Each structure stands twice: as structure tokens, then as C-alpha cells.
Amino acid sequence: MPSAIVIGGGLAGLSAAAALGSAGFRVQVFEARPFLGGRATSFPLAPADDASELIDNCQHVLLRCCVNLLDFYGRLGVRDCIRFYREFYFIEPGGRVSTLRRGALPAPLHFTESFLRMRFLSAADKLAIARGLLALRRERTRRDDLDRITMLDWLREKRQTPRAIERFWRQVLVSAINEDVDRMAARHGFQVFWLGFLARADGYEMGVPAIPLGELYRAELWQGIGDVSLRLRAPVECMDAGGITAGGARHAANYYVCALPFERLGALGLAAPDFEHSPITGIHLWFDRPVTDLPHATLLDRTVQWMFNKKDGRYLQLVVSASRELSAKGRQEIVALALAELGEFLPRVREARLERAHVIKELRATYSAAPGTDALRPPAETSRPDLFLAGDWTRSGWPATMESAVRSGYIAAEAVTRAAGRPARFLLRDIA
């Protein structure tokens, strides 16, 4: 039975391990931290307390079009732990709510009814957006400059109104890609709207894990995957042609998959791409009473972009993607900002008492999906015939998302099986 070592227990490494284990490889996963999941994980709020509540480092969601991520969850038997929502709630300052849901018409017209009823956009905004979506559908396979221009360049070219850009295009894309529209390559914006909103009527449905993220990969779930061993608190200290060193011990295998963040490649003697990072900030708030009945909502015109109701309307998690302006702010300042803004959308917040708060800054959350970056993303294969790369920053075909991470893991696993002379197919095609 051929053997493989996977370095890194994030989604990219775990998906590669699951694929290789199911293909009959003997796999060892080395992860430096005491838990799996990388940036999509959870940890105890009070590590010294065995009964401490688990919180996610940041709320991670997926869309129904994330077929490879769903396949990975299916391999671990946790696909039923993802709750899908068919409604998106947009809240304006003052509390007015608009709902986006699919109607009776077939794709790509399935949002027509609710789109026309959205009160946070004017008739001119809606006309501009409809014109833009038609152009996106027409140009997505015809233009060859979408990786050289920003999404904002394209939106201005299509004469989108300022309000349409701020309240619709930017609101969706910044959260999906973790980059602002004036920094992201247009091709990524096209991909989000095509696969998530236009190609199929159900592609937009938002999946939110119903359990802590870390529970999606817990050790007992791996028993049916194959011969996969998980080694936690086992940072890989060095790697050479003869194997790896972890915890002072040497380990060797037929094949190696390096699934570390790109900024950590240099420590193992590998060339790292010169990408810029884009941060994400998660803000956890616990109140003494329920402050909302909504399961989630996107918040317009303010710093905070999303609110997720984690428990009974009393524990909320807020998300700020591409959060560069918060990077230098302290915890108290961020919590005060979040409370002030949240009170504009949810009036009950102003009457509630904040019992506790927690702020998590992921300064290196993703690479910045800037124009020209896609061509610099490396493939799975390296100059070493036994070494392969995985990670949302590799050439996965998607921007830096959980789906991209899993796609990269499957691509790396396919490359390993080819090198071993027993090719297998793991990567699923996009829904469109």
C-alpha cells in the first residue's frame, strides 16, 4: 500500500487525506495545532476550562454550488450538519428588512419577483443591476481581460449606479471573496455571480454549519475513510529529500502533500508566492436577552457586513471581510463600533446588556484576489516528483474559499495517484 504524508490539517490537507485514504493510500496528517480545520475551525473560549464553550474563529458559510466541499463533508458523514437557507435578509440602518429568495421562474430569472420587491434599491438601481447581470452572463466566456481589470472597473464600464455598487455588488462580493471590488479581479466576481446566482436556481442557497466548525472533522469521523492517522501538536520542523522531521522524529513516505499557508512555505525550504493578504475580523457578542429573530442578515452601509444568530438571538457573530481598517484597532474599540452599528439595525440591542464579547482578527485570512494574481498561483505539481502542493492559494480554479481549499486537496490527491500509477478522480465539476 503506497504511503503519503500530508503537512497541514486545514481543509486542503484534510480533503487530500480523505481522498487518498479512500483510494487505498496509507496517510499521515501532521498538524501543528491541537485541533483540525486551519482557518475554518473552532476552539474553547476558555482553554483552561474543559467545559468551555466552543466558538468558531469566524463564521464560515458555503453556497449550494460548493460541490466539492459538500462532497468532502459527505465523506466524513457530516453533510447533514449543514443547514441551508433559501432566504437572504438585507437590513438597512433603521431596521427595514428586504428578503431575497427564489421564485417560480426558472434560472436565471428565479429572483425576479423578490428582486423587484427589494426596498433598499431604487428602480434605477434595479435596472442597472439587471443590465449588469445580463452583461455578465453574456461576457463571462467571451472576454479575455477579466483577470487584468478589477470588478469595480467592470461595474463602472457597465454604468452601475453608486447605490447598486455599494448595496448589491459590493455587499455580496466582499463577503464571498474577502476582498473589496476595487482590489479583486473581475473574473472572481463573475464566477461568484454566475455559479451562485445565475447558473442554477438553488446555487445561491447558503449553508451554515449547525455545529462548531471543529466538530466537522473530529477524529472519530475518520474511521471509515481508510488508513488515515491524524497527528496533532506535531509541527513539521524541516523537510528534505529523505522525509520530514516532526517533534524531533523522522518520518518518510512515498509521497508528500504540503498544505500549509503560502507564507509558511519558506520555513520548509519551498518557494513562496509573493501574495498580499486580506484580513477577516470576527466579533462574538453575548447579550442578556434575545435581540433578533432572524437567523442571519447582511447589514448595509456600515463596517459590519454580516450578522449570524448563533444561539437564541442572544449570541451573535458579526463578520467584517477585507477588514483592513480594523487591523490597527483595539478590542474595545471594535466592540464599541460593532454595538453602535448593530443597534442601528436591531433596535433591541440598545435595550440589552452585553454580557461578554470576543474579537478574532485573522490578519492572514486569505490571499488578496487582485488582478494578475491568478496566473501566479502554482499548480499541485512541483519540481520534486514526490512532492505536491495544496491550499486555497494554489491553482484551484476558485478564489480563496473553503471550496477552493477542498478543490486543491482533491487536485493534489489526483496528482499523487497519477504519480503512483493508480490514477483516481476526486474533483467534481462545477454545477454549471
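Parameters and conventions
- Residues numbered from 1 in each chain as written.
- Predicted model: local features only at pLDDT ≥ 70, side-chain atom pairs only at ≥ 80, totals over all residues.
- Heavy atoms only, no water.
- Pairing = 2+ DSSP bridges.
- Helix = DSSP H or I, 4+ residues; strand = E, 2+ residues; numbered from the N terminus.
- Axes fitted to C-alpha atoms, helices over the stretch in contact; angles between N-to-C directions.
- Buried < 20%, exposed > 50% of the residue type's maximum accessible area, 1.4 Å probe, protein only.
- Right-handed = clockwise from strand over helix to strand, strands pointing away.
- Parallel < 35°, antiparallel > 145°, perpendicular 65-115°, else oblique.
- Contact = heavy atoms within 4.5 Å.
- Nonpolar A, V, L, I, M, F, W, Y, C, P; charged D, E, K, R; others polar.
- Salt bridge = Lys/Arg side-chain N within 4 Å of Asp/Glu carboxyl O.
- Phe/Tyr/Trp six-rings, centres within 6.5 Å; stacked < 30°, edge-to-face > 60°.
- Lys NZ or Arg CZ within 6 Å of the ring centre and 35° of its normal.
- Core = buried A, V, L, I, M, F, W, Y, C linked by side-chain atoms within 4.5 Å.

1. Quick word on the sheet that holds strand 12 (residues 243-246)
As summarised here, the arrangement of the 3 strands in space is 11-12-13, forming an open sheet in which the pairing is antiparallel. Edge positions in the sheet fall to strand 11 (236-240) and strand 13 (249-251), since each of these pairs with one other strand and no more. With strand direction ignored, the average angle separating the axes of adjacent strands in the sheet is 25°.

2. A short note on the environment of L134
If you trace the backbone, L134 turns up in helix 4 (residues 123-139). We classify L134 as exposed; its relative accessible area is 55%.

3. Notes on the pairing of strand 1 (residues 3-7)
Regular strands place side chains that alternate from one sheet face to the opposite one. Of all 5 residues making up strand 1, 5 are buried, and the element is well covered by its neighbours. On strand 1, burial covers both faces: S3, I5 and I7 on one face and A4 and V6 on the other are all buried. Bridging between strand 1 and strand 2 (residues 26-30) involves 5 bridges; their strand directions are parallel. Paired with V6 across the two strands is V29, which belongs to strand 2. Crossover connection from strand 1 via helix 1 (residues 11-22) to parallel strand 2: handedness right-handed. Two elements, strand 1 and strand 14 (residues 255-258), share 4 bridges in a ladder whose sense is parallel. Paired with A4 across the bridge in strand 14 is Y255.

4. With respect to the packing of helix 4 against helix 7 (residues 186-198)
Where helix 4 meets helix 7, the axes come as close as 10 Å, and the angle between the chain directions of the two elements is 105°. Classified by the interaxial angle, the pair formed by helix 4 and helix 7 is roughly perpendicular. In this structure, helix 4 contributes L133, L136, R137 and E139 to the contact, and helix 7 contributes G189, F190, F193, W194 and L198. By residue class, the composition of the contact of helix 4 with helix 7 is 6 nonpolar, 1 polar and 2 charged.

5. What about the sheet that holds strand 14?
Spatial ordering of the open sheet is given by 10-2-1-14-20, a layout of 5 strands whose pairing is parallel. The open sheet terminates on both sides in strands that have one partner only, identified here as strand 10 (228-231) and strand 20 (387-389). Neighbour-to-neighbour, the strand axes of this sheet turn through a mean angle of 20°, independent of strand direction. Against the sheet, helix 1 engages strand 1, strand 2, strand 10 and strand 14, with an angle of about 165° to strand 2.

6. As for unusual backbone geometry
Omega for the peptide link from A107 to P108 comes to 10°, which places this bond in the cis form. In this structure, P108 sits in the loop between strand 8 (97-101) and helix 3 (112-117). With a phi close to 50°, R233 is a non-glycine residue in the positive phi region. Locating R233 in the fold gives a position in the loop between strand 10 and strand 11.

7. Considering the pattern of salt bridges
Between side chains of opposite charge, a pair can form when the charged atoms approach closely. A complete count under the given rule lists 40 salt bridges for this structure. The partner of R39 in a salt bridge is D392, and the shortest N-O contact between them spans 3.2 Å. Separated by 353 residues along the polypeptide, R39 in the loop between strand 2 and strand 3 (42-44) and D392 in the loop between strand 20 and helix 9 (402-419) bring together distant segments of the chain. The exposure class assigned to R39 is partly exposed, which follows from its relative accessible area of 29%.

8. Details of the packing of aromatic side chains
Within this structure, the stated rule accounts for 21 aromatic pairs. Pairing F72 with Y73 gives two aromatic rings, centres 6.1 Å apart and planes at 40°, and the pair type is tilted. Residue F72 shares its accessibility class with Y73, and that shared class is buried. Ring centres 5.5 Å apart and planes at 80° place the aromatic pair F168 and W169 in the edge-to-face group. For the residue pair F168 and W169, the accessibility class agrees, reading buried in each case. Seen from the ring of F84, R64 lies directly overhead, with NZ or CZ sitting 3.7 Å from the centre. When the ring centre of W286 is taken as origin, the NZ or CZ atom of R356, which lies over that ring, is 4.3 Å away.

9. Regarding helix 2 (residues 67-76)
Among the 10 residues of helix 2, 8 are classified as buried, and the element is accordingly described as predominantly covered. Taken residue by residue, helix 2 has V67, N68, L69, L70, D71, F72, Y73 and L76 as its buried positions. G77 sits one or two residues past helix 2 and shows a positive phi near 75°.

10. Quick word on the nonpolar core
Membership of the largest hydrophobic core comes to 121 residues, with the highest contact counts inside it found for F72, Y73, M151, W154, W169, Y217 and W222. Apart from residues no more than four positions distant in its own chain, W154 is found in contact with G132, A135, L136, E139, R143, I149, W169, A186 and F190. Of all hydrophobic cores here, the second largest spans 25 residues; its members include A297, A338, L342 and A352.

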